[in-house]
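Spelled out from the first residue to the last, the chains are:
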Amino acid sequence: MDIELQTKTNGATYLSKEQVPAGNGDGAAYRITEVGEEDGLLSAQTSGCNGGTVASDHAVETQINLEKIHTPQETSAVCRIKGELNEVIFWRVKLWMAIIILFFFIFAVIIMSMLLCSVIHEDKDEIFDPSTFQVPQCFNGSFQLPNLVFTEELFTMSSNESQTLAGELREKLADLYRSSPALGRYFSKADIYAFRNQLLLADFQLTFLMPAEHQDQLRNITLSRKMVYNVFRQFLYDQEPDESGQMYIDPVSLKMFLKH
Amino acid sequence: MLSCRLLLLLGLLLLCKGQEESGGGESCDNFTDLNLSHCFMGTVLYVRLLLYTRSNLDCGRELDHHHPSSQPLFNVSRPTAFVIHGYRPTGAPPIWIDHLVQLLAEQEDMNVIVVDWNKGAANLNYFTAVTYTRDAAHNLTGFIETMQEEGASLSSVHLLGVSLGAHLAGFVGANLHGKIGRITGLDPAGPMFTSAIPEERLDPTDAMFVDVLHTDMDSFGLRGTHGHIDFYANGGADQPGCPKTIFSGKAYFVCDHQRSMFLFLCALNRTCSLTGYPCSSYSHFLEGRCLQCEAFKPAPCPVLGYDMSQWRDTLLKLGQTRAFFSTTSTLPYRKMSYRVDMVTWNQYLRWGVVYIRLHSGKNFTEARIDHKQLRFEQYTSSRLLAQFDEDLQQVHKISMRINTGNVIGPRYKIRLLRIRFTPLERPERPLMCRFDIILEENMEVAFRPLPCGSGL
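- In the nomenclature of an unreviewed UniProt entry, chain B corresponds to LOW QUALITY PROTEIN: lipase member H from the organism Gymnodraco acuticeps.
- Entered under Sequence similarities (unreviewed entry) in the UniProt record, the comment concerning chain B runs "Belongs to the AB hydrolase superfamily. Lipase family."
- For the record of chain B, the UniProt heading Function (unreviewed entry) holds the text "Hydrolyzes specifically phosphatidic acid (PA) to produce 2-acyl lysophosphatidic acid (LPA; a potent bioactive lipid mediator) and fatty acid. Does not hydrolyze other phospholipids, like phosphatidylserine (PS), phosphatidylcholine (PC) and phosphatidylethanolamine (PE) or triacylglycerol (TG)."

- The name given to chain A in an unreviewed UniProt entry is TPA-induced transmembrane protein homolog isoform X1, and the organism recorded there is Gymnodraco acuticeps.

In structure tokens form, the structure reads like this:
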């Protein structure tokens, strides 16, 4: 192997003389083996690859061949490829360097495009055009505010007190539906239109707008009473009774129905 | 190694106990205790019948094969259960035998007869033991016929066979033309029976009712269906907690096979109620496709154990039923199962595996439903079976994570309209729901479940 490598790297400048001692160590062993056949093959090999350099030294070459169990044809092909790989294309860049750089380049392009893909990936579920949402879907209902201090004035909708309370509740409802991933985009507005009797029931109305296409599916599934009701109910279950104070809404008291 | 020593110790203890009792005036007949040298030499079949009743639970009495009534404790008007062991490669008495006798006697006031064919079963050569099963069955058939002559009814006879003993019970049943009340087969032996025709192994025609439990079909157990109902624990092959490599010694060989007995003991003890779900295969069961038992209404799904009366008639009508369940690795074996239904509003179809954790205070228990990718299709309910090792009474928080198997590229989101957890086997517990959540790939999402409310 050593000899072979040396031959390759030094190319034509290599001196055949130096190779002889390397092989001579095993000279005896070589002589025992049959030479006749290999000689013929060897000549073909010599002419194929290393040219005159190794041709002079049959003994060494054959010895190497025997050790490596390579057929001469194989060796010659490998030699030729190695030679070609070492060709200088330009400046000091050899062919093998160029090939490796090319592979790196391809790899980098793949990685880059994958990264780019994940960065600019647009989620189709997050894209919608609100201007196409025109078909209304309304829900009416009521809930109870058990912690609220009851005053007479609340029952007249025009009074300041009831206006402030209605405003706060409207805001609460709007926030809750706007932050909903599934319903937020369809939500239009929430209204509080009356406070009733001593238990302080608040009547509300919710308006959703949906696109004309797929409206049946939306009506029956996403914007169904079940879904709109449960998103509200879930919000009420999550609220902490002590934190919400006066504005606490009793989850069990929530009633909602679809307005036709 | 440890288990070997334990077995040895247990064997010694049993021996000591036996001697003590025999020294106390009354003579107890105990299970034949042989050792390895007997197995090496080979034993010739000798069947002993040891009677245990509620009044002599710790002290067996050997019955005369031809005059069983000569033993005053034997009452033919009571039901009779025969316990039949299998191949005994070490010759030691089975470790479960006393426990099983105790538990059977607890179920009903009956005669428990241990069929001790240890001489015959204790042979290094398994094939000798297999050939002896026919002779032992012949012997036992003769005894049951004598019992019948003395006034016992065949329908009140119950044979419990373990491994090779299950086939032995089958042969007895076949000899008596299937008129025996019931045969319970605990992991019927596989070697030498894999290609046997029904006459050469346990099959449903051997008794009026045959129930079978499989735990080791891939080595010592037998594949297929052999009873009116076949229970397959964890699919019937590999049991959780059993060693996977030969380095664990003896346990590697016997753990799966023995599990059938431990599961049955646990079921008799009523410490674990193991519900079997009738299904065509274990994978269908794991996919949550077989979680209802319409055929058995108003009874629930069949439960492994002694009392099968609720399901018996339906099972006989159905012919052969395969029932599946999963267990944990240790007592009480049962898992807490939930049916989980999810509806997504994602426009595009996605596939993914789901990991769910239930939290109760600081405790949590996890189910990894990753044996198959789950399909998430818009507005379509995706169902899965989530089985948890621990049963948490009050679930305060649920956390979930999904994985679509997407290594590179964007993180997908699964947007759920609703997720619902239905506790199986515990109908009194409330359903848990959550609405309007987004599961982002590989991100844990935690939420507080709320009662589902009416109509959901």
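## Some details on the overall build of chain A
Okay, step 1: Along the backbone of chain A there are 12 helices and 6 strands.
Okay, step 2: For chain A, the proportion of its 260 residues judged to be buried stands at 37%.
Okay, step 3: For chain A, contacts bridging at least 24 residues in sequence account for 67% of all contacts bridging at least 6.
Okay, step 4: Accessible surface, chain A as shown: approximately 15,700 Å² in total, 61% of it carbon and sulfur.

## A closer look at the sheet that holds strand 13 (residues 363–376) of chain B
Residues and elements named next belong to chain B.
Okay, step 1: The strand order 13-12-15-18 describes an open sheet built from 4 strands, whose pairing is antiparallel. At either margin of the open sheet sits one strand with a lone partner, and together these are strand 13 and strand 18 (445–447). Each adjacent strand pair in this sheet contributes to an overall mean axis angle of 20 degrees, direction not counted.
Okay, step 2: Direction of pairing for strand 12 (residues 350–360) relative to strand 13: antiparallel, over a ladder of 10 bridges.

## Side note on a nonpolar patch on the surface
Residue and element names in this part refer to chain A.
Okay, step 1: Together, Ile99, Leu102, Phe103, Phe105, Ile106, Val109 and Ile110 line one region of the surface with nonpolar side chains, adding up to about 670 Å² of accessible area.
Okay, step 2: Relative to the elements of secondary structure, phenylalanine 103 occurs in helix 8 (residues 95–120).
Okay, step 3: Looking at phenylalanine 103, the relative accessible area reads 58%, which means it is exposed.

## Overview of the interface of chain A and chain B
Okay, step 1: Contact residues are listed per partner, giving 24 residues for chain A and 23 residues for chain B.
Okay, step 2: Surface buried jointly by chain A and chain B totals about 2,300 Å² across both partners, of which 55% is contributed by carbon and sulfur atoms.
Okay, step 3: Contact with chain B buries surface across chain A, with Asp125, Pro181 and Gln234 of chain A losing the most and accounting together for 24% of the total.
Okay, step 4: Within the side of chain A that touches chain B, the residues separate by chemical class into 8 nonpolar, 7 polar and 9 charged.

## A few points about the pattern of salt bridges
Residue and element names in this part refer to chain B.
Okay, step 1: Throughout the structure, instances matching the rule amount to 24 salt bridges over all chains.
Okay, step 2: We note a salt bridge from arginine 289 to glutamate 287, for which the minimum N-O separation is 2.8 Å.
Okay, step 3: Since its relative accessible area comes to 17%, glutamate 287 is described here as buried.
Okay, step 4: Note that arginine 429 is salt-bridged to aspartate 391, the shortest N-O span being 2.9 Å.

## Remarks on the state of the cysteines
All names here are of chain B.
Okay, step 1: For the structure shown, the criterion picks out 6 disulfides over all chains.
Okay, step 2: Here cysteine 293 engages in a disulfide with cysteine 301; their sulfurs sit 1.8 Å apart. On the S-S bond that ties cysteine 293 to cysteine 301, the torsion sits near 105 degrees, and the link is right-handed. Here cysteine 293 matches cysteine 301 in class, with each residue buried.

## Topic: the confidence of the model for chain A
Okay, step 1: Residues with a pLDDT of 70 or more make up 72% of chain A, whose mean pLDDT is 73.
Okay, step 2: With pLDDT under 50 throughout, residues 1–66 of chain A is counted as low confidence; its partners more than four residues away or in other chains account for 59 contacts.

## Observations regarding the domain arrangement of chain A
Okay, step 1: Taken as a whole, chain A is organised into domain 1 (75–121) and domain 2 (130–256).
Okay, step 2: In this structure, domain 1 of chain A and domain 2 of chain A have C-alpha centres spaced 64 Å apart.

## Structural notes on the environment of arginine 312 of chain B
Residues and elements named next belong to chain B.
Okay, step 1: Note on placement: arginine 312 falls in helix 9 (residues 309–318).
Okay, step 2: C-alpha of arginine 312 to C-alpha of phenylalanine 209: the two residues are 103 residues apart in sequence and 7.4 Å apart in space.
Okay, step 3: Each residue touching arginine 312, except ones within four places of it in the same chain, is listed here: Gly181, Met208 and Phe209.
Okay, step 4: At 3.5 Å, the side chain of arginine 312 and the backbone oxygen of glycine 181 are in polar contact.

## Quick look at the UniProt feature "domain: SEA" (unreviewed entry) in chain A
Okay, step 1: According to UniProt, the feature "domain: SEA" (unreviewed entry) maps to residues 135–260 of chain A in the numbering used here.
Okay, step 2: Spanning residues 135–260 of chain A, this segment combines 36% helix with 29% strand, and its end C-alpha atoms are found 13 Å apart.

## A word on the packing of aromatic side chains
Okay, step 1: Tallied over the entire structure, the rule returns 21 aromatic pairs over all chains.
Okay, step 2: Between phenylalanine 139 of chain A and phenylalanine 208 of chain A the ring centres are 5.9 Å apart and the planes differ by 80 degrees, which places this aromatic pair in the edge-to-face class. With phenylalanine 139 of chain A in strand 3 (residues 133–144) and phenylalanine 208 of chain A in strand 5 (residues 201–211), this residue pair connects regions lying 69 residues apart in the sequence. In this structure, phenylalanine 139 of chain A and phenylalanine 208 of chain A share a single accessibility class: buried.
Okay, step 3: When the centroid spacing of 5.9 Å and the interplanar angle of 25 degrees are considered together, the rings of tyrosine 282 of chain B and phenylalanine 285 of chain B count as stacked.

Rules of the game
- Residues numbered from 1 in each chain as written.
- Chains lettered and ligands numbered in written order.
- Predicted model: local features only at pLDDT ≥ 70, side-chain atom pairs only at ≥ 80, totals over all residues.
- Heavy atoms only, no water.
- UniProt positions renumbered as here; feature names shortened; annotations may be inferred.
- Helix = DSSP H or I, 4+ residues; strand = E, 2+ residues; numbered from the N terminus.
- Buried < 20%, exposed > 50% of the residue type's maximum accessible area, 1.4 Å probe, protein only.
- Contact = heavy atoms within 4.5 Å.
- Areas by Shrake-Rupley, 256 points an atom, 1.4 Å probe, with all protein chains shown as cover.
- Pairing = 2+ DSSP bridges.
- Axes fitted to C-alpha atoms, helices over the stretch in contact; angles between N-to-C directions.
- Patch = residues over 30% accessible without salt bridge, like charges linked within 9 Å, V, L, I, M, F, W, Y side chains within 5 Å.
- Salt bridge = Lys/Arg side-chain N within 4 Å of Asp/Glu carboxyl O.
- Buried area = accessible area lost by both parts, 1.4 Å probe.
- Nonpolar A, V, L, I, M, F, W, Y, C, P; charged D, E, K, R; others polar.
- Disulfide = S-S within 2.5 Å.
- pLDDT = per-residue confidence, 0-100.
- Domains from an automatic or database assignment.
- Polar contact = N/O pair within 3.5 Å; in protein donor to acceptor, adjacent residues only side chain to side chain.
- Phe/Tyr/Trp six-rings, centres within 6.5 Å; stacked < 30°, edge-to-face > 60°.

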